[in-house]
Amino acid sequence: MDIDTRLLRSFAAVCEEGQLTAAAARLFVSQPTLTKQIRQLEALLGVQLFERTRAGVTPTPAAGALAVHAAAVLDGWDGAVRAARQAATEAEGLLRVGFEGSTINLVGRATLADFGRRMPGWQVRMRQNNWFDVTAGLGTGEIDLALWHAPADLGPAYAGAPIGVSPRVAVLSVEHPLAGREVLDLAELLDEPFVAIPAEAGFWRDYWLGGATRIGTVVHNADEWLAAVACGQGIGFAPESMRRLASRPDVVYRDVTGLSPSQVGLYWLRERPQSAAMAAFVESCRATVTLQAPAAASELC
């Protein structure tokens, strides 16, 4: 029996969320579409997967058994897709690097020229991170390396090579009551409304909120984020490099005491061996990118 992996992903989302509404929002489909997909999967399997009530849906024993195997099937398929994409780009001599809105400005002509000397004939393709994917494309194999401002520990899923350390600063509208002060304290900012990235960003959303829980508005990319701050819809935390790379007259950048700095580095999935091109790009960044404090040259654990 052949089954569309999309149906399995829809089934897994409903199991994890516990309700159709939340699962549909996570998958970016309408609830009727999701319901149709679940019914289609039930028809293919010949079993009932969920008991439907006014309170929501409850997995049946058949759903519990399927969920155990579905996770392995989806993980295996995702791994196969990543492997195919990686093999294709390596054959083309192409390295794909994801970047955040501000980190692209850290990499310039000098970095690419240095990489070209280390890997003759290879090209680098830069792609801005997708805030709706917590892995920024690493999980799907769409990128090989992610250039991130990250917490000191990203957990066991990622390996990384540090480049430097960068403070996180507060970004406020020039008309904000606290804009006139040069240094702010974290505790006095946490009750402010914040401009947040989407919930789908997972732990990245929490990291850039810095402990704040009051959301002024949610945006979808770096340009929207800065515009929302400028318009007074909330404040936010950002890498210190934005102070000089994204300056504008209607926002101010202020140092924050009590807010941990970011570890700037290149990251990849730990299960993937580091290729020669990945290692070369790491060394090129270390040779050409300047941050406030250099990082140790050893790989992150």
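Preceding this paragraph is the structure being described.
Residues numbered from 1 in each chain as written. Predicted model: local features only at pLDDT ≥ 70, side-chain atom pairs only at ≥ 80, totals over all residues. Heavy atoms only, no water.

## A closer look at a nonpolar patch on the surface
Taken together, the side chains of Leu44, Leu45 and Val47 define a hydrophobic patch exposed on the protein surface, amounting to about 190 Å² of accessible area. The topology assignment puts Leu44 in helix H3 (residues 31-45). Judged by its relative accessible area of 36%, Leu44 falls in the partly exposed class. (Patch = residues over 30% accessible without salt bridge, like charges linked within 9 Å, V, L, I, M, F, W, Y side chains within 5 Å. Areas by Shrake-Rupley, 256 points an atom, 1.4 Å probe, with all protein chains shown as cover. Salt bridge = Lys/Arg side-chain N within 4 Å of Asp/Glu carboxyl O. Helix = DSSP H or I, 4+ residues; strand = E, 2+ residues; numbered from the N terminus. Buried < 20%, exposed > 50% of the residue type's maximum accessible area, 1.4 Å probe, protein only.)

## Examining the nonpolar core
Core analysis: the biggest nonpolar cluster contains 46 residues, and Trp148, Trp204, Trp225 and Phe237 have the highest contact counts within it. Top element by residues in this core is helix H8 (residues 222-230). It accounts for five residues. In this structure, Val97, Val107, Leu266 and Phe281 belong to the second largest nonpolar core, which totals 22 residues. (Core = buried A, V, L, I, M, F, W, Y, C linked by side-chain atoms within 4.5 Å.)

## Focus: the environment of Gly79
Mapped onto the fold, Gly79 is located in helix H4 (residues 61-92). The spacing of Gly79 and Thr140 is 61 residues in sequence and 8.0 Å in space, taken between C-alpha atoms.

## What about the pattern of salt bridges?
In total, this model carries 14 salt bridges according to the counting rule given. Across the pair Asp4 and Arg6 runs a salt bridge whose closest N-O atoms are separated by 3.4 Å. Classification of Asp4 by relative accessible area gives partly exposed; the value is 38%. Asp250 is the salt-bridge partner of Arg248, the closest N and O atoms lying 2.6 Å from each other.

## Brief notes about the packing of helix H2 (residues 20-27) against H3
For the pair H2 and H3, interaxial distance at closest approach is 9 Å and the crossing angle is 100 degrees. The orientation of H2 relative to H3 falls into the category roughly perpendicular. Note on element contacts: H3 touches H2 through Gln31, Leu34 and Thr35, opposite Leu20, Thr21, Ala23, Ala24 and Leu27. Class assignment of the residues belonging to the contact of H2 with H3 gives a composition of five nonpolar, three polar and no charged. (Axes fitted to C-alpha atoms, helices over the stretch in contact; angles between N-to-C directions. Parallel < 35°, antiparallel > 145°, perpendicular 65-115°, else oblique. Contact = heavy atoms within 4.5 Å. Nonpolar A, V, L, I, M, F, W, Y, C, P; charged D, E, K, R; others polar.)

Functional significance is not addressed by these values, which are geometric in nature.
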